[in-house]
Amino acid sequence: MQNWKRQIPTIMTSQELLDRAYARASKSQVNGSVPFDTVKKTNIAKITAIGDMTVVTLNKYVKAFPKMEKEDDFFNELVDVIIGKEKLKRALLNVAWGAEKCADLQKMYLSRVRREPNIDGVAKATKQFYGRFSSIIYRIEPELKLLQDAREKLKELPTVDLQVQTVVIAGYPNVGKSRLVERISTAKPAVAAYPFTTKGIVVGHYKSGWRTFQVIDTPGLLDRELEERNAIELQAILALKHLADLIVFILDPSETCGYPMDRQLALLESVKRNFEGIPFIEIENKADLDNMVPPTGRPRISAATGAGVDDLVKDIEARFKEMRMADMDKLPA
Ligand SMILES: Nc1nc2c(ncn2[C@@H]2O[C@H](COP(=O)(O)OP(=O)(O)OP(=O)(O)O)[C@@H](O)[C@H]2O)c(=O)[nH]1
Ligand SMILES: [Mg+2]
């Protein structure tokens, strides 16, 4: 199982970073031989504490995020769709820049305070350090906010096992994909009578004997060009592209989904064209309704009543078995 749900710490705001660092600094007290010595040593300790603490924290943030270097990778493409790869990379670069600047400032002011000949000079230099340090931290506020948002989105990403045989359920919005996934797997996707209820990939499992299969619910797709697809639809495309060993394409011949059959069939053809080579099962749902178009020869099910669903599951299992057999045949004798 790929560990995508990384342990990314909560990202603090600029103000929180500064409050924490300054609170730590306010506790610094180093006694010297004479008052001047005490003030100098104490201020050196403060600058050291503020700089160290913040640089370590910022670098920890940068390291915690995935690097996304591989191009053709499900996770990286998903992050790109949901967060924006370039945006995230730029934010990480800027935060790393902030850490570097803080370290430079710390070094510069430590040497300056050491050289100051009197208490006044030490106090002035320290105050200046606080000012410049704060302004760097405030400058990276938008990037810190972006990282915090990205962290929340990464936490919600589905856990997908790339080793397990996987069936991806696809089709127009509102045709009953989630209702079917809910019926045949452990997933509990939202089901509702309007399009685009499902806004991301939902992963479920089902067991057959001692084998577990993965069932993936996807957002509905409209019949349109890839360039026109929104971030919700693109997640369905990514699931089809990277995860599907088998595609179950659901049609709604009752058209209660709100989309005519000719549009649904056009989508079916374009998905088949784009994912050539992946086995397909075409299924018509909502067989319990009496306003269905005349029979088309495709198997009909009702995700609502369960009619025909067992046969569909048997068909899915048979296809998976065929694939396992074919894989075995490819192994050297
Ligand atoms: N009568 C009937 N209604 C169904 C059936 N399957 C699903 N529905 C209804 O159709 C509506 C859409 O079902 P969903 O499972 O949310 O559809 P979806 O394809 O996942 O929709 P999106 O996530 O928006 O793409 C809901 O009101 C369901 O209750 C069925 O077999 N018969
Ligand atoms: Mg759905």
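Each remark here, short or long, concerns the structure printed above.
Small disclaimer: the values here were computed from a predicted structure and weren't measured. Every chain is numbered independently, its residues counted from 1 as its sequence is written. Here the convention is simple: chains get letters from A, ligands get numbers from 1, in the order in which they are written. Two thresholds apply to this predicted model, a pLDDT of at least 70 for residue-level local features and 80 or more for giving and counting side-chain atom pairs, whereas whole-chain, interface and lining totals are computed over all residues. The basis for every side-chain value is the complete set of heavy atoms in the structure, and neither hydrogens nor water enter the calculation.

Draft legend 1. Molecular detail of helix α7 (residues 177-184). Of all the positions in α7, only K177, S178, L180, V181 and I184 are classed as buried. Along the axis of α7, the buried residues cluster in a sector spanning 160 degrees; they form a single face. The criterion used for residue contact is that any of the two residues' heavy atoms lie within 4.5 Å. Working definition: helices are DSSP H or I runs of at least four residues, strands are E runs of at least two. Numbering for both runs from the N terminus. In this structure, the buried side of α7 is in contact with β1 (166-171), β2 (202-208), β3 (211-217), β4 (246-251) and α10 (309-330). Buried residues are those whose accessible area, probed at 1.4 Å on protein chains only, stays under 20% of the maximum for their type, while exposed residues exceed 50% and partly exposed ones sit between those limits. By arc we mean the arc of the directions from the helix axis to the C-beta atoms, nothing more.

Draft legend 2. Highlighting the sheet that holds β2. With mixed pairing, 5 strands are arranged side by side in an open sheet as β2-β3-β1-β4-β5. Both edges of this open sheet fall to β2 and β5 (280-284), since each of them pairs with a single strand only. Neighbour-to-neighbour, the strand axes of the sheet open up by a mean angle of 25 degrees, direction not taken into account. Two strands pair if DSSP finds at least two bridges between them. Every axis corresponds to a line fitted to the C-alpha atoms, with the helix fit spanning only the stretch in contact, and the corresponding angles, defined between N-to-C directions, vary from 0 to 180 degrees.

Draft legend 3. View of the coordination of the magnesium ion (ligand 2). Listed donors are limited to N, O and S atoms within 2.8 Å of the metal, widened to 3.2 Å for Na, K and Ca; water is not among them, so incomplete-looking sites are possible. All of the protein donors around the magnesium ion (ligand 2) are S178 (OG) and T198 (OG1); their distances to the metal are 2.0 to 2.1 Å. With S178 in helix α7 and T198 in the loop between α7 and β2, this residue pair connects regions lying 20 residues apart in the sequence. With respect to burial, S178 and T198 carry one shared label: buried.

Draft legend 4. Main features of the site of ligand 1. Near ligand 1 you find 23 residues, and of these K177, F196, T197, T198 and D288 are the closest. One nitrogen or oxygen atom from the main chain of V175 is found 3.1 Å from an oxygen atom belonging to ligand 1. Polar contacts, as counted here, are pairs of nitrogen or oxygen atoms within 3.5 Å of one another; within protein the pair requires one atom able to donate a hydrogen and one able to accept it, and residues that are adjacent in sequence qualify only if both atoms are side-chain atoms. Between ligand 1 and A193 there is a distance of 3.5 Å, counted from an oxygen atom to a backbone nitrogen or oxygen. In isolation ligand 1 exposes 640 Å². Once the protein is present, 88% of that is buried. Grid points spaced at 1 Å and placed over the protein atoms alone form the basis of the search, with a cavity being a set where a 1.4 Å probe fits but cannot get out and a pocket an open set showing protein on both sides within 12 Å along at least five of seven lines. Lining residues have an atom within 4 Å of a point. Cavities and pockets are treated as containing a molecule whenever more than half of the molecule's atoms lie within 2 Å of their grid points. Counting atoms within 2 Å of the grid points, the majority share of ligand 1 lands in the largest pocket. Each residue is assigned to one class: nonpolar for Ala, Val, Leu, Ile, Met, Phe, Trp, Tyr, Cys and Pro, charged for Asp, Glu, Lys and Arg, and polar for all the others, Gly among them. When grouped by side-chain class, the residues that make up the shell around ligand 1 number 11 nonpolar, 8 polar and 4 charged. Throughout, near means a residue has at least one heavy atom within 4 Å of the molecule or strand. To be clear on the numbers: accessible area is Shrake-Rupley with a 1.4 Å probe, and residue cover counts the displayed protein chains and nothing else.

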